[in-house]
Amino acid sequence: MNYYSVLAVTPTNEDWIPAYLEAVVGLVSKHGGQFLARTPNHEQLEGEKQDAALRIIIEWPSKQAALDFSNDADYQPHLKARLAGSVSQHFLIEGKDQLA
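All of these numbers come straight from a predicted model, not from anything done at the bench.

1. Remarks on the UniProt feature "domain: DUF1330" (unreviewed entry) in the chain
Right, on to step 1. In this numbering, the UniProt entry assigns the feature "domain: DUF1330" (unreviewed entry) to residues 4-95.
Right, on to step 2. End C-alpha atoms of residues 4-95 are separated by 7 Å, and the span's content is 35% helix alongside 33% strand.

In structure tokens:
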């Protein structure tokens with residue numbers, strides 16, 4: 001079953017971004033992930049306003065693949081840099097309609 005990482009990221013400095021982008025694209029692919037969206041072009045249609053500079057959606061072939069990416073030793077320094085250089089939220093969502 002597919003899972004989706006949905007992130008909201010607002011950089012507080014941009015020093016980490018070039019190295020992060022260079023490394024993370026390959027690491028996502030290594031774990032079977034695929035970027036569906038990486039964009040500053042988004043708008044909130046409902047609810048209390050939650051600003052974010054970027055919205056990112058990654059499709060994973062399984063929950064384990066997403067967790068393996070998140071726990072990959074090669075990703076850890078880039079994750080640490082992103083968390084230190086941004087306000088970020090990351091949700092992992094099961095690709096299942098449990099209300100159907």
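Back to the write-up after that little detour.
2. Quick notes on the nonpolar core
Right, on to step 1. Counting 16 residues, the largest nonpolar core has Val 24, Val 28, Ile 58, Trp 60, Phe 69 and Tyr 75 as the members making the most contacts within it.
Right, on to step 2. Every element with two or more residues in this core is listed here: β1 (3-11), α1 (17-30), β3 (54-60) and α2 (63-71).
Right, on to step 3. With four residues, the single largest contributor to this core is α1.
Right, on to step 4. Other than its neighbours up to four places away in sequence, Val 28 contacts Gly 33, Gln 34, Phe 35, Ile 58, Trp 60 and Phe 69.

3. Details of the pattern of salt bridges
Right, on to step 1. Taken as a whole and judged by the stated rule, the model has two salt bridges.
Right, on to step 2. Asp 51 is the partner of Lys 49 in a salt bridge, and the nearest nitrogen-oxygen pair spans 3.1 Å. One exposure class covers both Lys 49 and Asp 51, and it is exposed.

4. Notes on the sheet that holds β1
Consider a sheet: its strands pair through backbone hydrogen bonds, and that pairing is either parallel or antiparallel.
Right, on to step 1. Ordered in space as β2-β3-β1-β4, the four strands form an open sheet in which the pairing is antiparallel. Each edge of the sheet is formed by a strand with only one pairing partner; in this case those strands are β2 (34-39) and β4 (86-94). The mean angle between the axes of side-by-side strands here comes to 15°, regardless of whether they run parallel or antiparallel.
Right, on to step 2. Sheet analysis places β1 next to β3, joined by seven bridges and oriented antiparallel. Of the residues in β3, the one forming a bridge with Leu 7 is Ile 56.
Right, on to step 3. Contacts from α1 reach β1, β2 and β3 within the one sheet, and its direction differs from that of β2 by about 155°.

Cut-offs used in this document
- Residues numbered from 1 in each chain as written.
- Predicted model: local features only at pLDDT ≥ 70, side-chain atom pairs only at ≥ 80, totals over all residues.
- Heavy atoms only, no water.
- UniProt positions renumbered as here; feature names shortened; annotations may be inferred.
- Helix = DSSP H or I, 4+ residues; strand = E, 2+ residues; numbered from the N terminus.
- Core = buried A, V, L, I, M, F, W, Y, C linked by side-chain atoms within 4.5 Å.
- Buried < 20%, exposed > 50% of the residue type's maximum accessible area, 1.4 Å probe, protein only.
- Contact = heavy atoms within 4.5 Å.
- Salt bridge = Lys/Arg side-chain N within 4 Å of Asp/Glu carboxyl O.
- Pairing = 2+ DSSP bridges.
- Axes fitted to C-alpha atoms, helices over the stretch in contact; angles between N-to-C directions.

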